[in-house]
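Read off the chains here:
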Amino acid sequence: QKMPPSLSATINIQEPRWDQSTFQGRAKHFFMVTDPRNLLLSGATLEEARRVVEDYRAGTIHPGLTEDQLWRAKYIYDSAFHPDTGEKMILVGRMSAQVPMNMTITGCMLTFYRTTPAVLFWQWVNQSFNAIVNYTNRSGDAPITPSQLGTAYVSATTGAVVTALGLKSLTKHLPAIIGRYVPFAAVAAANCINIPLMRQRELKLGIPVTDESGNRLGESTAAAQKAIFQVVVSRIGMAAPAMAIPPVIMNMLEKRAFLKRYPYLNAPLQVSLVGLCLVFATPLCCALFPQKSSMPVSSLEPEVQDQIRKKDPGLETVYFNKGL
């Protein structure tokens, strides 16, 4: 019997399968990374994917392994293990949990926005989830202490709740449709607070910057600032369709006899509409900026520039993992 041809040892699985310099290539990559079905994979499947990927990187190719199987293993591995530390990520913090978790939380925020206790509760739930996601998908491999984590979480959650309640009180005398947008405004403001606070260690100490081959050149706070700005923009973009489109549809539906007759369908309908938006918004907004972001050496802080020039005088661009 004829053996299948051996798989090439030169496939670069350090990088995504599709060209990350184009939006289309990044979108294809993130549709794979954010696929909620990855959450259903067993621990054994994750460990097997890790073994295939790590063995391949070390030059060992499993017998009969095809290129498609290798890429499938790589995307399973990427969905569950941190790119810098290699640690298995918290289940609800993984990008594959974004759609099911966000559709539930956002749907409930948009449904239960009329009373102060409901606003408080769902903003707290949302920021607690965001804190887990921001910590799980942080850039770099430097640990964050429990006290730093606690301070960041409390500050971010308080900021989000105060924003939501402040906006709610301002919209009391405005049309009902305006009130429906309070959750989105609060979420957008909270992202600007939560992400920098949860990743404050990166802003203080910097994140690893590398050359094109992945050789570590030092840590840069300028790269951290750019990474966190890109993530904030992506997260606000991710929330926008899910929090902007369903309120308009629900406002129209609530005036019809159907929802007046079956008011218990309000929350399930809202959650389903949000889920439909998030299935597309999550990967497309993750794809706004390359995961392996870059910046000119001349834009780094002077001491990091000096450090890099000593190692590689001709280098003009450095790369870093922006986080998600």
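Please read all numbers here as calculations on a predicted model, not as lab measurements.

In terms of helices and strands, the chain carries 13 helices and 4 strands. Relative to its length of 324 residues, the chain is compact, with a C-alpha radius of gyration of 22 Å against a globular reference of 20 Å. For the C-alpha atoms alone, the extent of the chain along its principal axes is close to 65 × 60 × 35 Å. Sequence separation of 24 or more characterises 74% of the internal contacts of the chain that already satisfy a separation of 6 or more. Only carbon and sulfur atoms are counted for the fraction: they give 63% of the accessible area of the chain, which is about 15,800 Å².

Before going further, it helps to examine the nonpolar core. Counting 26 residues, the largest nonpolar core has Leu 7, Ile 11, Ile 13, Phe 30, Tyr 56, Leu 70 and Cys 286 as the members making the most contacts within it. Elements represented by at least two residues in this core include exactly α1 (23-33), α2 (43-57), α3 (67-80) and α12 (266-286). Broken down by element, this core gets its largest block of residues, 7 residues, from α3. Not counting chain neighbours up to four residues away, the residues in contact with Leu 7 comprise Tyr 56, Ile 61, Leu 65, Thr 66, Glu 67 and Leu 70. Judged by nonpolar contacts, the second largest core, of 16 residues, contains Trp 122, Val 125, Ala 242 and Met 243.

With that settled, the discussion passes to the pattern of salt bridges. Any two side chains of opposite charge can pair, given that their charged atoms come close. Counting across every chain of the model gives 9 salt bridges. We note a salt bridge from Lys 74 to Asp 78, for which the minimum N-O separation is 2.6 Å. Of the two residues, Lys 74 and Asp 78 both sit in helix α3, 4 residues apart, roughly one turn of that helix. You can call Lys 74 buried: its relative accessible area is 3%. In this structure, Glu 219 and Arg 216 form a salt bridge, with 2.8 Å as the shortest nitrogen-oxygen distance. On the accessibility criterion, Glu 219 (35% relative accessible area) is partly exposed. What emerges from the salt-bridge pattern is a single network uniting Glu 47, Arg 50, Glu 54 and Lys 88.

Let us look at the environment of Lys 168. For Lys 168, the position within the fold is in helix α6 (residues 146-170). Remark: the alpha-carbon pair of Lys 168 and Ile 178, spanning 10 residues in sequence, is separated by 9.7 Å.

Time to look at the pairing of strand β3 (residues 292-296). With burial as the criterion, only one face of β3 is covered, namely that bearing Ser 293 and Met 295; the residues Lys 292, Ser 294 and Pro 296 on the opposite face remain uncovered. Relative to strand β4 (residues 317-321), β3 runs antiparallel, the two being bridged by 5 bridges. Its bridge partner lying in β4, Lys 292 is registered against Asn 321.

Moving on, we come to the pairing of strand β2 (residues 216-220). Direction of pairing for strand β1 (residues 207-210) relative to β2: antiparallel, over a ladder of 4 bridges. When the bridges of β2 are listed, Ile 207 appears paired with Ser 220. If you look at the hairpin formed by β1 and β2, you'll find 5 residues sitting between the two strands, and Gly 214 has a positive phi there, around 90 degrees.

A few words on the domain arrangement of the chain. We note that the domain assignment places domain 1 (23-79) and domain 2 (93-321) within the chain. Centre-to-centre, using C-alpha coordinates, domain 1 lies 26 Å away from domain 2. Counting residues at the interface gives 13 residues for domain 1 and 17 residues for domain 2. Between domain 1 and domain 2, roughly 1,300 Å² of surface is buried when both sides are summed, and carbon and sulfur atoms account for 73% of that area. At the boundary of domain 1 with domain 2, the tally comes to 0 salt bridges.

Let us now look at the UniProt feature "transmembrane region" (unreviewed entry) in the chain. Here, UniProt's "transmembrane region" (unreviewed entry) annotation points to residues 227-249 and 269-289. Here residues 227-249 is 100% helix and 0% strand, with 35 Å between the C-alpha atoms at its ends. The span residues 269-289 shows a helical share of 86% and a strand share of 0%, and its end C-alpha atoms are spaced 32 Å apart.

Conventions used here
Residues numbered from 1 in each chain as written. Predicted model: local features only at pLDDT ≥ 70, side-chain atom pairs only at ≥ 80, totals over all residues. Heavy atoms only, no water. Helix = DSSP H or I, 4+ residues; strand = E, 2+ residues; numbered from the N terminus. Rg over C-alpha atoms; globule rule 2.2 N^0.38 Å. Contact = heavy atoms within 4.5 Å. Areas by Shrake-Rupley, 256 points an atom, 1.4 Å probe, with all protein chains shown as cover. Core = buried A, V, L, I, M, F, W, Y, C linked by side-chain atoms within 4.5 Å. Buried < 20%, exposed > 50% of the residue type's maximum accessible area, 1.4 Å probe, protein only. Salt bridge = Lys/Arg side-chain N within 4 Å of Asp/Glu carboxyl O. Pairing = 2+ DSSP bridges. Domains from an automatic or database assignment. Buried area = accessible area lost by both parts, 1.4 Å probe. UniProt positions renumbered as here; feature names shortened; annotations may be inferred.

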